[in-house]
Amino acid sequence: MTATLPVHHEPPPPGPAILAGCDGSDAALWALDRAMTEAEAHRLPLHVLAVVNPSPTGYPPGMADLVQESTERLTESMSDGLRRAVATVQSARTRPYAGPLTLHVVLGNVIDLLLQASDGRHTLVVGTRGNGGFARLLLGSVSTAAVHHATCPVLVVPAPPAEEG
């Protein structure tokens with residue numbers, strides 16, 4: 001089912017829903033799992049958004065046309081990665097998520113687009129990049145921006161505790 005999920009190249013439609021930011025990292029997968037649980041608990045659709053920033057600093061004049069093909073490849077790669085992320089989380093769940101689910105890959109600034117897409121949502125769910133020790137106490141730039149600037153409640157999902165062995 002996941003391999004056939006369409007990926008939309010525009011932000012999710014407005015309306016109450018759970019919005020999960022996903023960049024394919026382990027932290028994003030934990031957040032996606034929690035977002036599925038939240039969507040089920042609140043009986044809301046789940047929108048999963050990945051943002052690709054092909055040029056964080058912008059292009060010099062005339063360069064945009066030259067990088068169009070690589071931008072398309074990057075978008076398709078992120079779309080495939082988003083499908084794989086959903087499949088990975090679904091296969092690890094005791095009971096797969098069966099609610100309404102849409103996938104979105106959009107070009108632009110990650111923080112700006114995530115904050116815009118969060119407007120009017122029930123909850124925005126993001127992961128954090130902390131890996132352990134002191135780093136585990138830190139939020140990444142995206143989760144920090146979400147906590148401070150989103151217009152809906154934000155759930156920041158930490159990494160699960162490391163297994164001691």
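What counts, and where the lines are drawn
Residues numbered from 1 in each chain as written. Predicted model: local features only at pLDDT ≥ 70, side-chain atom pairs only at ≥ 80, totals over all residues. Heavy atoms only, no water. UniProt positions renumbered as here; feature names shortened; annotations may be inferred. Helix = DSSP H or I, 4+ residues; strand = E, 2+ residues; numbered from the N terminus. Buried < 20%, exposed > 50% of the residue type's maximum accessible area, 1.4 Å probe, protein only. Areas by Shrake-Rupley, 256 points an atom, 1.4 Å probe, with all protein chains shown as cover. Core = buried A, V, L, I, M, F, W, Y, C linked by side-chain atoms within 4.5 Å. Contact = heavy atoms within 4.5 Å. Pairing = 2+ DSSP bridges. Expected span 1.5 Å × (residues − 1). Salt bridge = Lys/Arg side-chain N within 4 Å of Asp/Glu carboxyl O.

The name recorded for the chain in an unreviewed UniProt entry is UspA domain-containing protein, from Kitasatospora phosalacinea. We quote the UniProt Sequence similarities (unreviewed entry) comment for the chain here in full: "Belongs to the universal stress protein A family."

J.: Looking at this structure, I do not really get the overall build of the chain. What am I missing?
T.: Scanning the chain from terminus to terminus reveals four helices and six strands. Going from the N terminus to the C terminus, the chain shows its helices and strands as β-β-α-β-α-β-α-β-α-β. Classification of the 165 residues of the chain by burial places 41% in the buried group. Put simply, the chain shows about 9300 Å² of open surface, and 57% of that area lies on carbon and sulfur atoms.

J.: Can you help me understand the environment of proline 14 in this one?
T.: You can see proline 14 is positioned in the loop between β1 (7-8) and β2 (18-21). What makes proline 14 exposed here is its relative accessible area of 80%. With 103 residues separating them along the chain, proline 14 and alanine 117 place their C-alpha atoms 7.9 Å apart.

J.: Teacher, can you tell me more about the nonpolar core here?
T.: For soluble globular proteins, nonpolar side chains are generally found buried alongside one another. In this structure, Leu32, Leu46, Val48, Leu101 and Leu103 are the most contacted members of the largest nonpolar core, which totals 27 residues. Among the secondary structure elements, those contributing two or more residues to this core are β2, α1 (26-42), β3 (46-52), α2 (63-92) and β4 (101-107). Beyond its immediate sequence surroundings of up to four residues, leucine 46 is in contact with Ile18, Ala20, Leu32, Ala35, Met36, Ala39, Tyr97, Pro100, Leu101 and Thr102. Listed in part, the 12 residues of the second largest apolar core include Val106, Leu114, Ala117 and Cys152.

J.: Any chance you could explain the sheet that holds β2 here in plain terms?
T.: Pairing between the strands of a sheet is mediated by backbone hydrogen bonds and can be parallel or antiparallel. With parallel pairing, the six strands of this open sheet are ordered in space as β1-β4-β3-β2-β5-β6. The two strands at the open ends of the sheet, each matched to only one other strand, are β1 and β6 (154-157). Bridge count between β2 and strand β5 (residues 123-127): three bridges; the pairing is parallel. Residue pairing in the sheet places isoleucine 18 in a bridge with threonine 123 of β5.

J.: When you look at α1 in this model, what are you seeing that I'm missing?
T.: Every α-helical turn comprises 3.6 residues, leaving residues that sit three or four positions apart pointing alike. With 17 residues, α1 should reach 24 Å at 1.5 Å per residue; the first-to-last C-alpha distance of 25 Å fits that figure. Ala27, Ala28, Leu29, Ala31, Leu32, Ala35, Met36, Glu38 and Ala39 are the residues of α1 that are buried. One or two residues past the end of α1 sits arginine 43, with phi positive at roughly 55°.

J.: Any chance you could explain unusual backbone geometry here in plain terms?
T.: Residues apart from glycine generally show negative phi values, whereas peptide bonds are mostly found in trans. Despite not being glycine, arginine 43 has its phi angle at roughly 55°, a positive value. Note on placement: arginine 43 falls in the loop between α1 and β3. On the basis of relative accessibility, which here comes to 78%, the residue arginine 43 falls in the exposed class.

J.: How do you make sense of the pattern of salt bridges when you look at a structure like this?
T.: As a working rule, side chains carrying opposite charge can pair if their charged atoms are close by. What the rule picks out here adds up to five salt bridges. Among the salt bridges present, the one from arginine 34 reaches glutamate 38, with a minimum N-O distance of 3.0 Å. Here the residue arginine 34 and the residue glutamate 38 both occupy positions in helix α1, the gap between them amounting to four residues, near one helical turn. Taking the relative accessible area as the measure of exposure, arginine 34 reaches 38% and is therefore partly exposed. A relative accessible area of 13% means that glutamate 38 is categorised as buried. A salt bridge links glutamate 40 to arginine 93, with the nearest nitrogen and oxygen atoms 3.0 Å apart. Taken together, the residues span a long stretch of sequence, with glutamate 40 in helix α1 and arginine 93 in the loop between α2 and β4 at a distance of 53 residues. A residue is classified by how much of its surface remains accessible, and glutamate 40, at 25% relative accessible area, is partly exposed. By relative accessible area, arginine 93 is classed as buried at 11%.

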